[in-house]
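Residue-level listing of the chains:
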Amino acid sequence: MGSSSVPNTVAGSSGALSTPALAAASESHSAWVILLSLVGVVEAVQTVGREILPPTVATSWIGRALAEVMAFSPASALAQAISTLQATTQPVQLAGHCPFGVHNIGVNWVLQPLIAPDGQLVSITAVGYWSAPPGLGEIHAGLASPSANLPSLRTAKTEPAACAQLQTYSPRLNQITRNVRWTLDLDVIQQQTVEGLGELFGLDRCIVCSVPAADGTAQVVAEYLGSADFPSWQRQSLPLGEQAHLAQAAQFSNAVLSQITHWPQQTVVTVATRYQNQINGFIVLYSIPTRLWTDVELNLITDMADQVGTAIAHACLFSESHSLAIKLQQANANLLEKQRESQEARRQAEEARCQAEEASRLKSEFLANTSHELRTPLNGIIGFLKLVLDGMADDPAEQEEFIQEAHKSAIHLLELINDVLDIAKIEAGKMQIDMGPVNLRELLADVENFARPQAEHKGLYFKILMPATRDEITLNGNYQRLLQVLLNLVSNANKFTHEGGVTISAEVKPQKVEYQGKTWPGIVKISVADTGIGVSLEKQDRLFQTFSQVDGERTRQYGGTGLGLAISQRLVEAMGGTVHFISMGEGLGATVTFTALLYQEPVMIDKAPVYSPT
């Protein structure tokens, strides 16, 4: 396509434009005559002078704002010129430039009004004069610019050749477009873009980089390398020498062709990705210096950038909404957790209040019961001694009987006081227990001496069963505390049994036990079983509570403070054992078992128990 002075009429106009400005175009100048709407949108294009605008380029301008295809400084200059023209209807001049591939053509513009017969402004004629340009013939004939040494746009291709090129690229570009539009993963979109373009155009390198930050750095967020020998820029800041391409591409909506002159020399195509006229990234394509880029390829890259810009924006919006949804979920979960914690705190507070009220009630009941229990033997002591002092005894034998009764009451009072003192020490954590070897046979013999007369006095049987061994069974514990536990249990059994009797049995369990840093050879399980009134299943959990009696109304007739089992449990646990209560219900008797550490393992004869150890 050589130089010509023949006008070229472009789509959008029914005939050649004719304005007074055309006469001003001389042989030394070329001009574009553009018909604009009142808002600056291109409606028709015509070229006059030495150079003719290619039809494909002119057609691409139709329907676009002039400020989108031409650059003005400042960017608002065209809008201000149109406003001035509308207000004064006088011609307005302004300067600008037009990018053509690697060339930037300076253009001086004259805007003139087109006024209808009724005096109304209907359109604007924009005449752009450009002198001494590099020549459209040079640009499109494939000749390199002497100063830039760049490959040129090959627009001299025939229309069939351009169509063939479109048919070659379109399927692959459509596939890339589908790939980036069918996902909301930003990393996938960016990587699919560089790999698709890199493979399609056979590039040395293709990158997607971020918009430069305030400090001027732009980070490479996706990369395609044509050879494994090339150094990677992934997640690195773009070299300063490459960022000039970004600034240039940011000024135009189409792909910009430029060249890297330093080693290694490369041809660079840069295009900004946009969404709603906001730049959200850049695509940069690097190829060998001799590669010739056609306007078809550059237009396809520009269209591709539009699709990628939209996909990036959608992915960012999705990521932000997803992050917001996660934050909302976390906030909701935190609120639910705080609500649950608040409810749990209220529940615990209510439970603590109920426990405190129950403890207060039990202590009040205990104090009332204990005061009664303490007064009873004390009144007995005072009463019998008063009889002796007043000489009410008929003979020495009756006087001795009164003194014996006073003594029994005193012993009973002492036991009650000891119980109260023991539980006070245990609750305060001041109960000291010295451990040592205890002979089980001697322990049970002392219990029998105390308990058998009481049982026989009530008409009850009293049995002790022990396992058959060749040597003595020795426990590790405190003799006095073990005796106290057994006497508590046996006294309760006698107290609550009206017929039948009480049985004490012992069983050796040779199993290793760790206690206080030592290993013991086993345990002895001691059981006190009676055939008494028993305890209902729903009330058994109260048996080991301090200051508690299972059924005050029912058991008050038997006397006692209700501390026996609680004291026994704490004493046994302090010596490394456990206590359990078993009863099948009211009227079915009860069995209390506790364990004690085995000091040394005896030689067993038979596992079956035998009778009394005496």
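Source: prediction; values computed, not measured. For every chain, the first residue of the written sequence is number 1, and numbering continues from 1 along that sequence. It should be noted that, the model being predicted, local features are given only for residues of pLDDT at least 70 and side-chain atom pairs only at 80 or more, the latter also being counted only at that level, while totals for whole chains, interfaces and linings use all residues. Heavy atoms from the whole structure form the basis of all side-chain values; hydrogens and water molecules are not counted.

1. What about the nonpolar core?
Defined as follows: Residues enter a nonpolar core if they are buried and are Ala, Val, Leu, Ile, Met, Phe, Trp, Tyr or Cys, with the set joined through side-chain atoms within 4.5 Å. Three exposure classes are used, based on accessible area relative to the maximum for each residue type with a 1.4 Å probe and protein chains only: buried under 20%, partly exposed in between, and exposed over 50%. Helix and strand definitions follow DSSP, with helices as H or I runs of at least four residues and strands as E runs of at least two, each counted in order from the N terminus. Contact definition: two residues touch when any of their heavy atoms are within 4.5 Å.
By size, the foremost hydrophobic cluster in this structure holds 45 residues, and its most contacted members are L440, L475, I504, V524, I526 and F594. Element by element, the count of residues in this core is highest for helix α11 (residues 479–495), at seven residues. Apart from residues lying up to four places away in sequence, L475 is in contact with G436, P437, V438, L440, L482, V524, I526, A596, L597 and Y599. In terms of nonpolar packing, the next biggest core, distinct from the first, is built from 32 residues, I189, F201, A222 and A311 among them.

2. Here's the deal with the pairing of strand β21 (residues 590–600)
Counted only if it meets this: Criterion used throughout: strands pair if DSSP finds at least two bridges between them.
When you tally the buried positions in β21, you get eight out of eleven residues, the bulk of the element. Relative to β21, strand β15 (residues 474–477) runs antiparallel, the two sharing three bridges. Paired with T474 across the bridge in β21 is Q600. Examined bridge by bridge, strand β19 (residues 523–530) and β21 share eight bridges and lie antiparallel to one another. Its bridge partner being in β21, I523 is matched across the sheet by L597. As judged from the four bridges shared by strand β20 (residues 579–582) and β21, these two strands associate in the antiparallel manner. Each bridged residue has a counterpart across the sheet, and for V579 the counterpart in β21 is F594.

3. Considering helix α3 (residues 77–88)
The criterion, for reference: A helix's residues, less one, multiplied by 1.5 Å, set its expected span. Along the arc lie the directions from the helix axis toward the C-beta atoms.
The end-to-end C-alpha separation of α3 is 16 Å, in line with the 16 Å expected for twelve residues at 1.5 Å each. Taken residue by residue, α3 has A77, L78, A81, I82 and L85 as its buried positions. Taken end-on, α3 shows its buried residues confined to a sector of 135 degrees, consistent with a single buried face. T89 occupies a position one or two residues after α3 and carries a positive phi of about 55 degrees.

4. Let's talk about the packing of helix α10 (residues 440–457) against α11
Counted only if it meets this: In this analysis, axes come from line fits to C-alpha atoms, helices being fitted only over the stretch in contact, and the angle between any two N-to-C directions falls in the range 0 to 180 degrees. If an angle is under 35 degrees, it is roughly parallel; if it is over 145, roughly antiparallel; if it lies from 65 to 115, roughly perpendicular; otherwise it is oblique. Take the far helix as the reference: if the near one is turned anticlockwise from it by less than a right angle, the crossing is left-handed, and if turned clockwise, right-handed. Polarity classes work like this: nonpolar for Ala, Val, Leu, Ile, Met, Phe, Trp, Tyr, Cys and Pro, charged for Asp, Glu, Lys and Arg, and polar for all others, with Gly in that last group.
Remark: α10 packs on α11, axes separated minimally by 10 Å, with the N-to-C direction vectors making an angle of 25 degrees. Classified by the angle their axes make, α10 and α11 are roughly parallel. Crossing of α10 over α11 shows right-handed handedness. Residues E442, L443, L444, D446, V447, F450, A451, Q454 and A455 of α10 touch α11, and the partners they reach there are Y479, L482, L483, L486, L487, V490, S491 and N494. Split by residue class, the contact of α10 with α11 holds twelve nonpolar, three polar and two charged.

5. Thoughts on the confidence of the model for the chain
Test applied: The quantity called pLDDT is the predictor's confidence in a given residue, expressed from 0 to 100.
Mean pLDDT over the chain: 80, with 81% of residues reaching 70 or higher. Predicted confidence in the chain is weakest over strand β1 (residues 8–9), with a mean pLDDT of 34, and strongest over strand β9 (residues 220–225), with 95. Low pLDDT, under 50, characterises residues 132–158; the stretch is placed with 60 contacts to residues that sit more than four places away or in other chains.

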